[in-house]
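# Notes for the structure review
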Amino acid sequence: MELKQSWIVTCAKGALSLYELRIIVKIVEYAQAQLKDVYIAKNLRRFKKHCDDVTITIPMRYVLTDGSNHYEDVREGAIRLCRRVMQFYDSDTNQWRCSSIIYNVIHEVNRGNLTFTVYGYFLDCLFDFTHGFTRYDLEAAMAMRLPSSVRLFMLMYGQRAPKDYTIGWLKDVMGVADKYNQTADFIKKVIAPACKEITEKTSIQLDYERVREGKKVVKIQLITKPKPKPIEAKNEAENQIDVFLEKNIKTYLICDGGFTYRELSAHKELLKRLMEHPCALQIVQDVTHRARKKSKGKGYIIAAIRDEVRNM
């Protein structure tokens, strides 16, 4: 699932933890739903103000993504976001506002749900595309283990031309401005591991080059390259799948689950039932990711989907 999103998430500065970023990814996913069918690539602008606070409920497992039950990690991320202060200035009303990003967090232990309320002006900034935009794949961002990887992926996904960033700006964005006095250490411990994880876990290859003035490294050039994707010939089975299976779900099952169109067609009735589930895409994301983490095959994925459908 590709998300349109704004400058505030890609470039806002701060040392956000992994689970803070994952919760924000879910907030952006909510914002994306509000922009359904809105084409912004040629008309970057600020959309109609949202401003109302919004309460969101998500299953904890959609934030963990790895099949673990370490709910305390998610709760800690929510606590950190509650403590983070965002400042806003509304030039239309000449009002300065200050608030936490989220508040009123509730963990329903028996049901495994996390509920929180998002400050409306934070959502308003998510709709501000006047600074540019980027798109990124939700499942890939949620699967990464390094906060720096999530940051760079948000920054570079969809960028076709190499981008140069100063060392100082990158350190600010990643929240490590007070660390790594030596540029070599910053590259070795932050940039290089992030590029490696992005290349291993996503559809793009991210490389970097040092940009020098004399002998001093002053910038990092980030370069994205698409990875070749296996192409399966379009046939009758694919045509049948396209009739009832949503495109993003089909993509996850084929690219991440390793299914062929013929194999998906063999489970047509099960997948039709899955499409009736309100969280069908989330289920497929979660199941395929767990299968990869546990080195499980297609049988595991089908069995897990069958369990979800049975519990509808």
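Here's what I pulled together on the structure shown here. (Residues numbered from 1 in each chain as written. Predicted model: local features only at pLDDT ≥ 70, side-chain atom pairs only at ≥ 80, totals over all residues. Heavy atoms only, no water.)

## Some points on the packing of helix α7 (residues 147–156) against helix α9 (residues 183–201)
For clarity, the cut-off: Interaxial angle, 0 to 180 degrees, is taken between N-to-C directions of lines fitted to C-alpha atoms, where a helix line uses only the stretch in contact. Comment: elements are numbered from the N terminus, with helices defined as DSSP H or I runs of at least four residues and strands as E runs of at least two. Roughly parallel means an angle under 35 degrees; roughly antiparallel means over 145; roughly perpendicular covers 65 to 115; every other angle is labelled oblique. We call two residues in contact whenever any of their non-hydrogen atoms come within 4.5 Å of each other. Residues are grouped as follows: Ala, Val, Leu, Ile, Met, Phe, Trp, Tyr, Cys and Pro are nonpolar; Asp, Glu, Lys and Arg are charged; all remaining types, including Gly, are polar.
Axis separation between α7 and α9 bottoms out at 8 Å; the angle between their running directions is 70°. Taken together, the axes of α7 and α9 lie roughly perpendicular to each other. Counted together, S148, S149, L152 and F153 of α7 and V190, I191, P193, A194, C195, E197 and I198 of α9 form the full contact between these two elements. When its residues are assigned to classes, the contact of α7 with α9 shows eight nonpolar, two polar and one charged.

## Topic: the sheet that holds strand β2 (residues 54–59)
To be explicit about the condition: When DSSP finds two or more bridges between two strands, those strands count as paired.
On the basis of which strands lie adjacent, the open sheet formed by three strands has the order β2-β6-β5 and antiparallel pairing. Because the sheet does not close on itself, it has two edges, and the strands there are β2 and β5 (102–108). Taking each pair of neighbouring strands and ignoring which way they run, the sheet shows an average axis angle of 15°. Pairing of β5 with strand β6 (residues 113–118), which is carried by five bridges, proceeds in the antiparallel orientation. Note on β6: the bridge partner recorded for I102 is V118. Each of β5 and β6 is contacted by helix α4 (residues 71–83), which is oriented at about 165° to β5, the strand it contacts most.

## Notes on the packing of helix α11 (residues 247–256) against helix α14 (residues 280–293)
Two elements in contact, α11 and α14, have axes separated by 9 Å at closest approach and are oriented at 10°. Here α11 is positioned roughly parallel relative to α14, judged by the angle of their axes. Contacts from N248, I249, Y252, L253 and D256 in α11 reach A280, L281, V284, Q285, T288 and R292 in α14. Partitioning the contact of α11 with α14 into residue classes produces six nonpolar, three polar and two charged.

## Description of the pattern of salt bridges
How we decide: The term salt bridge refers to a pairing of a side-chain nitrogen on Lys or Arg with a carboxyl oxygen on Asp or Glu at a separation within 4 Å. Only protein chains enter the calculation, and the probe is 1.4 Å; a residue is then buried if its accessible area is under 20% of its type maximum, exposed if over 50%, and partly exposed in between.
Here the structure, examined in full by the defined rule, presents 12 salt bridges. Put simply, R80 and E76 hold a salt bridge, and the shortest N to O gap is 3.5 Å. Residue R80 and its partner E76 are located together in helix α4, separated by four residues, close to a single helical turn. Taking relative accessible area as the criterion, R80 reaches 38% and is therefore assigned partly exposed. Measuring nitrogen to oxygen at the nearest pair gives 4.0 Å for the salt bridge that ties E269 to K272. Of this pair, E269 and K272 both sit in helix α13 (residues 268–274), three residues apart, which is roughly one turn of that helix. The exposure class assigned to K272 is partly exposed, which follows from its relative accessible area of 36%.

## Here's the deal with the packing of aromatic side chains
Aromatic rings in a pair are described by how distant their centres are and how their planes are angled relative to each other. This is how the line gets drawn: When the centres of two rings from Phe, Tyr and Trp lie within 6.5 Å, Trp using its six-membered ring, the rings pair. Their planes under 30 degrees apart give stacked, over 60 give edge-to-face, and anything left gives tilted.
Tallying each qualifying case throughout the model produces two aromatic pairs. An angle of 15° between the planes, with centres 5.0 Å apart, marks the rings of Y165 and W169 as stacked. When its relative accessible area of 26% is taken as the criterion, W169 is described as partly exposed. Ring centres 6.4 Å apart and planes at 45° place the aromatic pair Y180 and F186 in the tilted group. When its relative accessible area of 0% is taken as the criterion, F186 is described as buried.

## Some remarks on the side chain of E20
The line we're drawing: Counting of polar contacts relies on pairs of N or O atoms within 3.5 Å, with two restrictions inside protein: one atom must be capable of donating a hydrogen and the other of accepting it, and residues adjacent in sequence are counted only when both atoms are side-chain atoms.
In this fold, E20 is placed in helix α2 (residues 18–34). A relative accessible area of 0% means that E20 is categorised as buried. Reaching out from E20, the side chain makes a polar contact with the side chain of R84 at a distance of 2.4 Å.

## With respect to the sheet that holds strand β10 (residues 216–226)
Taken in spatial order, the three strands of this open sheet run β8-β10-β9, and their pairing is antiparallel. Strands with a single pairing partner mark the edges of an open sheet, and in this sheet they are β8 (163–166) and β9 (204–213). Here the strands of the sheet are splayed against their neighbours by 25° on average, with no regard to which way each runs. Two elements, β9 and β10, share 10 bridges in a ladder whose sense is antiparallel. Note on β10: the bridge partner recorded for R210 is I220. Here α9 sits on the sheet and contacts β9 and β10; the angle it forms with β9, its principal contact strand, is near 160°.

## Brief notes about α14
The cut-off we apply is this: Here the expected length of a helix is defined as 1.5 Å per residue gap, with one fewer gap than residues.
Taking 1.5 Å per residue, 14 residues should reach 20 Å; α14 reaches 20 Å between its end C-alpha atoms and fits that length. Across the 14 residues that make up α14, a large majority, 12, are buried. Of the positions making up α14, those classed as buried are A280, L281, Q282, I283, V284, Q285, D286, V287, T288, H289, R290 and A291. Just past α14, the residue S295 takes up positive phi, approximately 55°.

## Topic: the environment of Q282
Of note, Q282 is situated in helix α14. The class for Q282 is buried, based on a relative accessible area of 14%. Q282 sits 220 residues away from Y62 along the chain, and the two C-alpha atoms are 7.3 Å apart. Those residues in contact with Q282, other than ones at most four positions away along the chain, are K26, E29 and Y62.

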